[in-house]
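Residues per chain are reported as follows:
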Amino acid sequence: MFKMATPKLFQVAMIAASALALSTPAMAEWKTVSVQHEDLDLSTAKGQERLKTRVKSAVQRVCGSPRAITLKERIDQNNCEKDSLARAMPKAEQRIAAYAESRRVALRD
């Protein structure tokens, strides 16, 4: 039986809130976070949901700012999370699809 190797981690790129970057330029850069998933069975709805939860958690860690006190800062943080999720979730969906395809090929062989 042929088994296709699947990466244990995938990278999720996220951007820190640009408005916060005005006061802290380092936050304006893209950050990459590894999301572990080798322990998940991505062929199940439960495994897929756990992966998406991990992606959301990574986004919150990257976009979260203990300094987000004002309404503007909180809005910027929310925008960061929304934009980052929009970039990260398609990667998670691709990983799920690749996992399903590798299992389909392995079962066929």
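As a reminder, the structure under discussion sits directly above these lines.
Residues numbered from 1 in each chain as written. Predicted model: local features only at pLDDT ≥ 70, side-chain atom pairs only at ≥ 80, totals over all residues. Heavy atoms only, no water.

Broken down by element type, the chain carries 3 helices and 2 strands. In the chain, buried positions account for 36% of the 109 residues. Working note: accessible area of the chain is about 6,900 Å², and carbon and sulfur atoms make up 56% of it. (Helix = DSSP H or I, 4+ residues; strand = E, 2+ residues; numbered from the N terminus. Buried < 20%, exposed > 50% of the residue type's maximum accessible area, 1.4 Å probe, protein only. Areas by Shrake-Rupley, 256 points an atom, 1.4 Å probe, with all protein chains shown as cover.)

Now for the environment of I96. Along the polypeptide, I96 turns up in helix α3 (residues 71-108). Apart from the residues within four sequence positions on either side, I96 is in contact with L42, Q48, L51 and K52. (Contact = heavy atoms within 4.5 Å.)

Tallying each qualifying case throughout the model produces 1 disulfide. Each disulfide pairs two cysteine sulfurs, and for C63 the partner residue is C80, the sulfurs being separated by 2.1 Å. In this structure, the disulfide formed by C63 and C80 twists by about -70° around the S-S bond and is classed as left-handed. Taken as a pair, C63 in helix α2 (residues 45-63) and C80 in helix α3 lie far apart in primary sequence, 17 residues in all. Accessibility classification places C63 together with C80 in one group, the buried group. (Disulfide = S-S within 2.5 Å.)

Close contact between α2 and α3 brings their axes to 9 Å; oriented N to C, the two are set at 145°. Our pair here, α2 against α3, has a crossing hand that is right-handed. For the pair α2 and α3, the contacting residues are Q48, L51, K52, V55, K56, V59, Q60 and C63 in the first and Q77, C80, E81, S84, L85, A88, M89, A92, E93 and I96 in the second. Broken down by class, the residue content of the contact of α2 with α3 amounts to 10 nonpolar, 4 polar and 4 charged. (Axes fitted to C-alpha atoms, helices over the stretch in contact; angles between N-to-C directions. Left-handed = near helix turned anticlockwise from the far one by under 90°. Nonpolar A, V, L, I, M, F, W, Y, C, P; charged D, E, K, R; others polar.)

Counted at 1.5 Å a residue, the expected span for α3 with its 38 residues is 56 Å, and the 55 Å between its end C-alpha atoms agrees. Largest kink in α3: about 30°, centred on A86, with the proline P90 one to four residues after it. (Expected span 1.5 Å × (residues − 1). Bend = angle between axes of the 7 residues up to and from the residue.)

Shape is all these values report; function is a separate question.
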